[in-house]
Amino acid sequence: MNFSIRLLQEQEIESANHVFRFAFGTFIGLSDPLQFAGDAAYIRHRYLIEPTAAFVAELDGQLIGSNLATNWGSFGFFGPLSVHPDFWNQGVAKELIAAVCVGEARRRHRFEEWGIKQAGLFTFPNSAKHHALYQKFGFWPQFLTAIMVKSASAFEPISDSMRYSLLSQSEKEQVLTASLELTNTIYEGLDLRREIEAVSTLSLGDTIFLVDESRLVGLAVCHYGAGTEAGSNNCYVKFAAVRPEMNAVDRFAQLVNLCENMTLAVGMSNLLAGVNTSRHEAYRLLIGRGFRTQTTGVAMQRPNALGYNQSDIFVLDDWR
């Protein structure tokens, strides 16, 4: 089969979205595969954030698959990776992965261009086929990641907190600088600034900041509503973290409170968050707060190292 790999074009986003839903919906056995993920969305905004990291497979003028990579500074991940079911088991997925993390002769791949030190992905925990595919590229399965949900409750407002959307331009610049300093304490080079700005400029949601004596100690990047990664009636924590310090447990609990308050403030009912179970204390806290697992995936990393998946790290994300 003579297909080609190239960059996604903006006018093709809906075609890529169709293949994505049909592929995943078919794999998990939905009666109507196109209903996969409901009205949540992944491809459009990821393309807009980084068009040079959105790849498609094309055959005879037809888009048959796509893969999008995400750059968080020294850490990167790819997905959703999808191939139309008519073209499964024909090497399409392999070439879409190679575009992201295996360069051609004398050419650098995206992860190398970005200076990625640690790369990850989220996949089905019970699919040996997927595990074997990713292992060919040096990714190895580690701990499960739980996508968890609860009905949001109202908590007493925390005075030392801010929302990115309500800040002046100078305040935004200051808090973005502070956010880099914070994430660097989690993993050297980890950088969520583009994610924070994209959530704002693309109207996907908002970012909450937790401050202690004028120092940024926590942040939560959230999507909410239809057309985002949250979906209708949901607020979804794309990424959240607090400094790894002695009082991290209390600050993490405060940050979750802030996320619940914002969920209700923007007219949503449910709070969704992903947490890798290797981050044991964070996982336990969510369970204690009434979160229940909606679905599970397995995190795979290259190289086979912990990265920031450690028991005393309070981070929420899921790499889907």
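See the structure above.
Residues numbered from 1 in each chain as written. Predicted model: local features only at pLDDT ≥ 70, side-chain atom pairs only at ≥ 80, totals over all residues. Heavy atoms only, no water.

Q: Would you mind showing me how to read the pattern of salt bridges here?
A: Opposite charge on two side chains permits pairing when their charged atoms draw close. Counting across every chain of the model gives 16 salt bridges. Two residues, Glu260 and Lys150, come together in a salt bridge whose shortest N-O distance is 3.2 Å. You can see Glu260 sitting in helix α8 (residues 248-265) and its partner Lys150 sitting in strand β7 (residues 140-151), a full 110 residues away along the chain. For the residue pair Glu260 and Lys150, the accessibility class agrees, reading buried in each case. The network of salt bridges with shared partners includes Asp212, Arg215, Glu245 and Arg251. (Salt bridge = Lys/Arg side-chain N within 4 Å of Asp/Glu carboxyl O. Helix = DSSP H or I, 4+ residues; strand = E, 2+ residues; numbered from the N terminus. Buried < 20%, exposed > 50% of the residue type's maximum accessible area, 1.4 Å probe, protein only.)

Q: What is the right way to look at the layout of surface pockets in this model?
A: Where empty space is left becomes clear once a probe the size of a water molecule has been rolled over the atoms. As a volume, the largest pocket reaches approximately 1200 Å³. Within the residue set of the lining of the largest pocket, elements represented by two or more residues are α1 (13-27), β5 (82-83), α3 (92-101), β6 (118-123), α5 (128-135) and β13 (292-302). The element contributing the most residues to the lining of the largest pocket is α5, with 5 residues. A class-by-class count of the residues in the lining of the largest pocket yields 28 nonpolar, 11 polar and 5 charged. (1 Å grid on protein atoms, 1.4 Å probe; cavity = no way out; pocket = protein on both sides within 12 Å on 5 of 7 lines; lining within 4 Å. Points joined across faces, edges and corners; volume = space filled by probe spheres on them. Nonpolar A, V, L, I, M, F, W, Y, C, P; charged D, E, K, R; others polar.)

Q: Quick question: what am I supposed to make of empty space enclosed by the protein here?
A: Scanning the entire structure with this criterion turns up 1 cavity of 30 Å³ or more. The computed volume of the largest cavity comes to approximately 110 Å³. Lining the largest cavity we find His45, Arg46, Ile49, Glu50, Ala69, Thr70, Asn71, Trp72, Arg194, Glu195, Glu229 and Lys238.

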